[in-house]
Amino acid sequence: MAVEYTFSIIKPDATKRNLIGKINSYLESAGLEIVAQKMVKLTKEQAEEFYVEHKARSFFSGLIEYMISAPVVLQVLKAENAVAKNREIMGATNPADAAAGTIRKDFAIDIEANSIHGSDSVDSAKREIAFFFKKEEILK
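A few points on the structure. Throughout, a residue's number is its position along its own chain's written sequence, starting from 1. Only residues with pLDDT of at least 70 get local features here, since the model is predicted, and only at 80 or more are side-chain atom pairs given and counted; chain-wide, interface and lining totals rely on the full set of residues. Side-chain metrics in this entry use all non-hydrogen atoms of the structure; hydrogen atoms and water are not considered.

### Here we look at the overall build of the chain
Here comes step 1: Across its full length, the chain carries seven helices and four strands.
Here comes step 2: A helix here means a DSSP run of H or I that spans at least four residues, while a strand means a run of E at least two residues long, and both kinds are numbered starting from the N terminus. Counted from the first residue to the last, the chain has its helices and strands arranged as β-α-α-β-α-α-β-α-α-β-α.
Here comes step 3: Taken over the C-alpha trace, the chain has a radius of gyration of 14 Å; the compact-globule value for 140 residues is 14 Å, and the two agree within 12%.
Here comes step 4: The principal-axis extents of the C-alpha atoms in the chain amount to approximately 40 × 35 × 25 Å.
Here comes step 5: Buried positions account for 47% of the 140 residues belonging to the chain.
Here comes step 6: For every accessible area listed, the method is Shrake-Rupley and the probe measures 1.4 Å; residues are considered covered only by the protein chains on display. Looking at the chain as shown, the accessible area adds up to about 7300 Å², and 52% of this sits on carbon and sulfur atoms.
Here comes step 7: Each charge class in the chain was averaged separately, 19 positive and 20 negative side chains, and the resulting centres sit 2 Å apart. Two things to know: the radius of gyration comes from C-alpha atoms, and the globule rule equals 2.2 Å times the number of residues to the power 0.38. Only protein chains enter the area calculation, which uses a 1.4 Å probe; residues under 20% of their type maximum are buried, those over 50% are exposed, and those in between are partly exposed. His residues and chain termini do not enter the charge count, which takes Lys and Arg as positive and Asp and Glu as negative. Taken as the charge centre is NZ of Lys, CZ of Arg, CG of Asp or CD of Glu, depending on the residue.

### Some details on the environment of Gly31
Here comes step 1: Structurally, Gly31 can be placed in the loop between α2 (20–29) and β2 (33–40).
Here comes step 2: Note: C-alpha distance between Gly31 and Asp106 (75 residues apart in sequence) is 18 Å.
Here comes step 3: The criterion used for residue contact is that any of the two residues' heavy atoms lie within 4.5 Å. Here Gly31 is in contact with Lys78, Ala79 and Lys85, once residues within four sequence places are set aside.

### Topic: the pairing of strand β3 (residues 72–80)
Here comes step 1: The buried fraction of β3 is high, at eight of nine residues.
Here comes step 2: We call two strands paired when DSSP finds no fewer than two bridges between them. Looking at chain direction, strand β1 (residues 3–10) and β3 are connected through eight bridges and run antiparallel. Along β3, the bridge assignment pairs Ile10 with Val73.
Here comes step 3: Here seven bridges tie β2 to β3, and the two strands are oriented antiparallel to one another. Across the sheet, Gln37 pairs through a bridge with Gln75, a residue of β3.

### Observations regarding the packing of aromatic side chains
Here comes step 1: Only Phe, Tyr and Trp rings take part, Trp by its six-membered ring, and two of them pair if their centres are within 6.5 Å. Stacked means planes under 30 degrees apart, edge-to-face means over 60, and tilted covers everything else. Under the criterion given, the structure shown has seven aromatic pairs.
Here comes step 2: Seen from their ring centres, Phe7 and Phe50 are 5.9 Å apart, and the 55° between their planes marks the pair as tilted. With Phe7 in strand β1 and Phe50 in helix α3 (residues 44–50), this pair connects stretches of sequence that are 43 residues apart. As far as burial versus exposure is concerned, Phe7 and Phe50 are alike and both buried.
Here comes step 3: Feature note: the residues Phe7, Phe50, Tyr51, Phe131 and Phe132 constitute an aromatic cluster, connected by ring pairs.
Here comes step 4: Charge-over-ring placement is defined geometrically: NZ (Lys) or CZ (Arg) within 6 Å of the ring centre, and within 35 degrees of the ring normal. Over the ring of Phe133 we find Lys38; its NZ or CZ atom is 4.6 Å from the centre of that ring.
Here comes step 5: Sitting over the face of the ring of Phe50, Arg127 holds its NZ or CZ atom 6.0 Å from the ring centroid.

In short, shape yes, function no, at least from these values alone.
Okay, structure coming up:
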């Protein structure tokens with residue numbers, strides 16, 4: 001298995017509830033190494049550009065308002081099969097469908113305020129990491 005990098009955002013509902021350390025514990029316990037991490041308050045422009053693929057969808061404006069409502073924690077995670085491993089520990093998008101012991105089952109408020117974002121593919125991870133991090137910010 002090859003070592004991969006993936007991208008994660010600890011979302012506003014989780015940062016507002018001071019769950020950063022607990023979520024990081026889930027990630028690390030699943031074998032993901034946090035090789036870059038920073039807390040930021042996204043601008044509306046950043047959020048719109050990051051989520052541009054959803055622009056035509058009805059939930060877009062609500063998503064943007066939610067993502068700029070409080071600070072988020074941006075992360076680069078490293079592991080063998082990092083994308084799949086991260087998606088497994090995050091759980092299903094809808095916390096009602098998420099498996100017991102996953103981040104979304106244990107911390108999400110609802111399908112929109114579901115506490116964490118994770119890349120859905122290696123290609124998405126590369127794009128998302130490059131959007132927020134300079135190469136020198138990532139500890140290999």
